[in-house]
Amino acid sequence: MLVAPWGIASTLGLRFHDVYRYVLSALNIIAMTAFFVQFPLAGRVRRWSWFANIDWGISTHKKIGEWLGIFFFLHPLLILAPKALLSAQDLQTSVVAAIASPNLLTGLLAWLAMLVWVLMAVFRNRLPLRYETWRVLHVLGFVVIATLAVLHVTSVGSHGQLEQQFNLLWWGLYAVSMALVIYNYLIKPVRLRAQPFVVREIKPLSECDWALTIPSRSGARVSFDAGQFVWINTSKTPFNLEQHPFSIASGNAENGTLTFIIRELGDYTGNLQALQRGQTVYVDGPYGSLSVAQSKSAAGITLVAGGAGIAPMLGLLCEFAQRNESRPVRLVYGNQAPQRMVALDELRALCKTMPDFSLQLVCDRVADEMPQQAGDIRQGLIDAATLRAAMAPGQHANWCVYLCGPEGMIATNVKQLKSIGVKPAHIHFEQLSF
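Just so you know, these numbers come straight off a predicted model, no measurement behind them.

Trainee: Quick question: what am I supposed to make of the overall build of the protein here?
Mentor: When its secondary structure is counted, the protein shows twelve helices and 13 strands. Residue burial in the protein is summarised as follows: out of 434 residues, 48% are buried. Of all intrachain contacts in the protein linking residues separated by at least 6 positions in sequence, the fraction that spans at least 24 positions is 70%. Of the accessible surface of the protein, which amounts to about 21,900 Å², a share of 60% is contributed by carbon and sulfur atoms.

Trainee: Explain the packing of aromatic side chains to me, please; I cannot follow it from the model alone.
Mentor: Aromatic ring pairs are defined here through the distance separating the ring centres and the angle between the ring planes. One pass over the full model with this rule turns up 13 aromatic pairs. Taken together, a centroid distance of 6.0 Å and an interplanar angle of 80 degrees make the contact between Phe35 and Phe39 edge-to-face. Taken together, the residues span about one helical turn, with Phe35 and Phe39 both in helix α2 (residues 19-41) at a distance of four residues. This pair shows no difference in class: Phe35 is buried, exactly as Phe39 is. Judged by centre distance (5.5 Å) and plane angle (90 degrees), the rings of Trp171 and Tyr174 are edge-to-face. Residue Trp171 and its partner Tyr174 are both found in helix α7 (residues 164-193); the two are separated by three residues, about one turn of the helix. A relative accessible area of 16% means that Tyr174 is categorised as buried. Its end group placed over the ring of Trp134, Arg124 keeps NZ or CZ at 5.2 Å from the ring centre.

Trainee: Before we go on, may I ask you to explain the sheet that holds strand β13 (residues 427-430) in this structure?
Mentor: In sheet architecture, strand pairing relies on hydrogen bonds along the backbone and comes in two forms, parallel and antiparallel. Read across the sheet, six strands follow the order β11-β10-β9-β8-β12-β13 without closing on themselves; strand pairing throughout is parallel. For this open sheet the edge positions go to β11 (377-379) and β13, each flanked by a neighbour on one side alone. Pairs of neighbouring strands in the sheet enclose a mean axial angle of 20 degrees, with direction left out of account. Sheet topology places strand β10 (residues 357-363) next to β11; three bridges connect them, and they run parallel. Its bridge partner being in β11, Leu361 is matched across the sheet by Ile377.

Trainee: What am I meant to see in the packing of α2 against helix α6 (residues 131-155) here?
Mentor: To characterise two packed helices, one gives the angle between the axes of the helices and the distance between these axes. Two elements in contact, α2 and α6, have axes whose closest approach is 12 Å; the angle formed by their N-to-C orientations is 150 degrees. It follows that α2 is roughly antiparallel to α6 by the angle criterion. The handedness of the crossing between α2 and α6 comes out as left-handed. Here Met32, Phe35, Phe36 and Phe39 of α2 come into contact with α6, specifically with Phe142, Ile145, Ala146, Ala149, Val150 and Val153. Of the residues in the contact of α2 with α6, the class split is ten nonpolar, no polar and no charged.

Trainee: Would you mind going over the environment of His75 with me for this structure?
Mentor: Here His75 is to be found in helix α3 (residues 54-86). Each C-alpha atom, one on His75 and one on Asn28, is 7.9 Å from the other, the two residues being 47 residues apart in sequence.

Trainee: I would appreciate a short explanation of the sheet that holds strand β5 (residues 244-252) in the present structure.
Mentor: The strand order across the open sheet built from seven strands is β1-β7-β4-β5-β6-β3-β2, with neighbouring strands paired in antiparallel fashion. Across the chains shown, the open sheet's two edge strands, defined by having one partner strand only, are β1 (197-198) and β2 (201-204). Summarising the sheet, β5 and strand β6 (residues 257-263) pair through four bridges and their orientation is antiparallel. When the bridges of β6 are listed, Ser250 appears paired with Thr259.

Trainee: Help me understand unusual backbone geometry in this model?
Mentor: Negative phi is the rule for most residues except glycine; trans is the rule for most peptide bonds. The amide bond that connects Gly285 to the next residue, Pro286, takes the cis arrangement and shows omega of 10 degrees. By secondary structure assignment, the location of Pro286 is in strand β7 (residues 280-287). One non-glycine residue, Asn324, adopts positive backbone phi at about 55 degrees. Look at Asn324 and you get exposed, because its relative accessible area is 59%. The backbone of Ala343 sits at a positive phi, close to 60 degrees, despite the residue not being glycine.

Quick notes on the rules
- Residues numbered from 1 in each chain as written.
- Predicted model: local features only at pLDDT ≥ 70, side-chain atom pairs only at ≥ 80, totals over all residues.
- Heavy atoms only, no water.
- Helix = DSSP H or I, 4+ residues; strand = E, 2+ residues; numbered from the N terminus.
- Buried < 20%, exposed > 50% of the residue type's maximum accessible area, 1.4 Å probe, protein only.
- Contact = heavy atoms within 4.5 Å.
- Areas by Shrake-Rupley, 256 points an atom, 1.4 Å probe, with all protein chains shown as cover.
- Phe/Tyr/Trp six-rings, centres within 6.5 Å; stacked < 30°, edge-to-face > 60°.
- Lys NZ or Arg CZ within 6 Å of the ring centre and 35° of its normal.
- Pairing = 2+ DSSP bridges.
- Axes fitted to C-alpha atoms, helices over the stretch in contact; angles between N-to-C directions.
- Parallel < 35°, antiparallel > 145°, perpendicular 65-115°, else oblique.
- Left-handed = near helix turned anticlockwise from the far one by under 90°.
- Nonpolar A, V, L, I, M, F, W, Y, C, P; charged D, E, K, R; others polar.

Right, here's the structure in full:
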């Protein structure tokens, strides 16, 4: 995708005087394309297969953003570099001419804005801004940068001045990007307002976990796959940007009922008891790439859940049970303490519905009186030995593993799984860290 515009530019017969300008032109075009790819990567696109994996999309969006920040900072320096090789006087003259030229104003403003907005993204957690405020500024800032950048490329760029067909490519990418922004922030909220959900029940499951059940107010069917998640908005308007991603633990697609297991991890989740029965909520989704189809050719399946990460795993397990899964299925469920374990009755019931399903509980802290009450609990963390025990010996390369939980747990477990021979393509996870 990134090199396609460069291929189009080459077919237009563009010529260059030297290798340096050829390479620099290719890099500029690829970087500009990557800039526009940023919009669908972070755009919650469900129907475009390349961008449907939201977790991967956001992670890729962040990585590309850092590289774009570096490249666009170097962009004017790379253009002026040949002048520096001639003489300091030539470099000084070129720099002054570039700054003073009205024609280069759009490029200069885009360059300065890009530096500021990339830094705001990199240091987001250190800024004294609510996430919703930062998100609005992030989107609006890059809409302005996109506008300035396209004006610069099509009016000042060496290709844009000569090839109108080339300009149409950039304006087309710009139009698609802006249409995606308009859809997400203006059109989609209107659609969500016409399809509201309502709080049926909010109840505690443990000392820090809640079960939230929300049916569609109209009772309309809601299509979702086990393992997927949605963004929930509990404000009074779908235009409010305070939205939170939660995995679907269970539900009834026919009458549009969704149930979530939510852990108290911040200001919002720590105040879930404030939700009122009958309160209107808005649901954007479902999203996510976790699905039972990812393990269709595996010799066996291991699911690893940490804390509230049990929610999508519970959904996947129920789907496997409904399909009468005969392959070995293992669940490793980790938590800080047995008191924080949820849905144990449901999990034990699943042991009776699948011929080869087993459950391994892992807790950092285990009181002396708890093992008899909570079952077989392994004390400690989910480590390589625990993961190896949850797979058939010699079958690691043919095993499929699903993970959901805290970011640190997933990062550590992915490394451990690779070290014991599980193929990266067979490791599937969702972090919901946006």
